[in-house]
Amino acid sequence: MFEKLKQRWKVNGLNLVLIITTFAIGGSLCGYAGRKILALTNLEKGALWVILYILLITLLWPLCVLLVSFPFGQFGFFKKYLGRVFKRFGSSHDRGQTVATLNNTGHDGSNRLTRTRIAIFASGAGSNAQQIINHFSSSADITIALIVCNKPGAGILDIAANAGIPSLLIEKERFFTGDNYLPELQDHRINFIVLAGFLWKIPEALIKAYPKKIVNIHPALLPKYGGKGMFGRHVHEAVINNKETESGITIHYVDELYDHGAVIFQATCAINDSDTADTLAQKIHVLEHTHYPKVIAEIVEK
Ligand code: GRF
């Protein structure tokens, strides 16, 4: 649990202890202050007292934690944290509508054309993500706005840091059974998602929130060599073992099934007798790096 908090809040162990301490002392302080204030009213303890107490501590809590965060050197963290809480609270009622608007039209509320803000979901070395970042680095219309990753320490996180792109480390439970990180995607105004070596299945709620706005690249010619377990080396080994004479890449929309959505683009490469899974992987990477960024640009422009 502590590891997850460290990742979510992007803090080290010492800061995590100071933050938890601030939460604890701030919480007690606001409870104490709430009781003292109510004592001034001479109100009997009963239902009304409880309601007023809850209201008071809800109002006092942000002030108390901010106050306590000073001596613990955590003011910066709590300022941002409370900002996010207020923002989320304020916008939660119209979130569904906003996401739908961004996704379906690519325009903001005023009907002006907005930039396409892409989130790349990746969990590996990130060579495709790197090519995509390079390709759009000086684009006026397309911004790589967020990197989403489910693997601490993955190469893609360094790529994001070097490119100055914010990254979001996600964990399974919230991704599959929680809010699917939709609030963060909305905060970053993401209106298109590119999967580049992301192995988790995309939850239905995300697919619904981004209809025809999520694409994936698969290192084989779908529908062959796709589905659960068909990733990375496993794909190339299966292709070589079956003595195929060609392989290639498939760029496709993402639906609820693995490697199943409508195909957008395919490119092929020949397989020689001397090819191994490793040499085939290299050929496939060349195809991916050549085509994926251009195909993304075409889809987005459409
Ligand atoms: C690529 O081969 C892609 O087809 C697959 O995952 C791999 C990611 O490689 N979906 P990299 O991390 O971009 O180098």
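Before any of the text, the structure's been laid out above.
Parameters and conventions
Residues numbered from 1 in each chain as written. Predicted model: local features only at pLDDT ≥ 70, side-chain atom pairs only at ≥ 80, totals over all residues. Heavy atoms only, no water. Helix = DSSP H or I, 4+ residues; strand = E, 2+ residues; numbered from the N terminus. Buried < 20%, exposed > 50% of the residue type's maximum accessible area, 1.4 Å probe, protein only. 1 Å grid on protein atoms, 1.4 Å probe; cavity = no way out; pocket = protein on both sides within 12 Å on 5 of 7 lines; lining within 4 Å. Points joined across faces, edges and corners; volume = space filled by probe spheres on them. Nonpolar A, V, L, I, M, F, W, Y, C, P; charged D, E, K, R; others polar. Contact = heavy atoms within 4.5 Å. Axes fitted to C-alpha atoms, helices over the stretch in contact; angles between N-to-C directions. Parallel < 35°, antiparallel > 145°, perpendicular 65-115°, else oblique. Left-handed = near helix turned anticlockwise from the far one by under 90°. Arc of directions from axis to C-beta. Pairing = 2+ DSSP bridges. Near = heavy atom within 4 Å. Polar contact = N/O pair within 3.5 Å; in protein donor to acceptor, adjacent residues only side chain to side chain. Areas by Shrake-Rupley, 256 points an atom, 1.4 Å probe, with all protein chains shown as cover.

A. Inspection of the overall build of the protein chain at higher detail. When helices and strands are counted, the protein chain shows 12 helices and 7 strands. Counting over 302 residues, the protein chain shows a buried share of 43%.

B. Focus on the layout of surface pockets. By volume, the largest pocket amounts to about 950 Å³. Taken together, 37 residues make up the lining of the largest pocket; nearest its centre are Gly197, Phe198, Leu199, Phe231 and Gly232. Each residue belonging to the lining of the largest pocket can be placed in one class, and the counts come to 16 nonpolar, 15 polar and 6 charged.

C. Just the environment of proline 62, in detail. By secondary structure assignment, the location of proline 62 is in helix α3 (residues 47–69). The spacing of proline 62 and phenylalanine 23 is 39 residues in sequence and 9.9 Å in space, taken between C-alpha atoms. Sequence-distant contacts of proline 62, defined by excluding residues within four places in its chain, comprise Leu82 and Phe86.

D. Highlighting the packing of helix α11 (residues 233–241) against helix α12 (residues 277–301). As a packed pair, α11 and α12 sit with axes 9 Å apart at the nearest point and diverge in direction by 115 degrees. For the element pair α11 / α12, the angle class is roughly perpendicular. The crossing of α11 and α12 is right-handed. On α12, the residues that touch Arg233, His236, Glu237, Val239 and Ile240 of α11 are Ala277, Asp278, Leu280, Ala281 and Ile284. When its residues are assigned to classes, the contact of α11 with α12 shows 6 nonpolar, 1 polar and 3 charged.

E. Focus on α11. For α11, the full list of buried residues reads Val235, His236, Ala238 and Val239. The buried residues of α11 occupy one face: seen down the axis, they fall within an arc of 160 degrees. Trailing α11 by a residue or two, lysine 243 shows a phi angle of about 55 degrees, which is positive.

F. Examining the sheet that holds strand β1 (residues 116–121) more closely. A sheet is described by the order of its strands in space; here 7 strands give the open sequence β3-β2-β1-β4-β5-β6-β7, paired in mixed fashion. Looking along the sheet, the strands with just one partner apiece sit at the ends: β3 (167–169) and β7 (263–270). Strand-to-strand twist in this sheet, taken as the mean axis angle between neighbours without regard to direction, amounts to 20 degrees. Of the strand pairs in this sheet, strand β5 (residues 214–218) and strand β6 (residues 246–253) are connected by 4 bridges, and their pairing is antiparallel. Note that in β6 the partner of asparagine 216 across the bridge is histidine 252.

G. Just the site of the ligand, in detail. The immediate surroundings of the ligand are formed by Gly124, Ala125, Gly126, Ser127, Asn128, Gly197, Ile217, His218, Pro219, His285 and Glu288. One of the side-chain N or O atoms of serine 127 is found 2.5 Å from an oxygen atom in the ligand. Contact distances for the ligand include 2.3 Å between an oxygen atom and a side-chain N or O atom of glutamate 288. Within the complex, 84% of the 370 Å² of free accessible area of the ligand lies under protein.

H. Main features of unusual backbone geometry. The amide bond that connects leucine 222 to the next residue, proline 223, takes the cis arrangement and shows omega of 10 degrees. Mapped onto the elements, proline 223 comes out in the loop between β5 and α11. Positive phi values are uncommon outside glycine, yet tyrosine 181 reaches one of about 65 degrees. Mapped onto the fold, tyrosine 181 is located in the loop between α8 (172–177) and α9 (182–187). Under the relative-accessibility criterion, tyrosine 181 is labelled buried at 4%. Notably, lysine 212 is not glycine yet its phi reads approximately 55 degrees, a positive angle. With respect to the helices and strands, lysine 212 occurs in the loop between α10 (204–209) and β5.

Interpretation note: all reported values are geometric properties and have no functional meaning in isolation.
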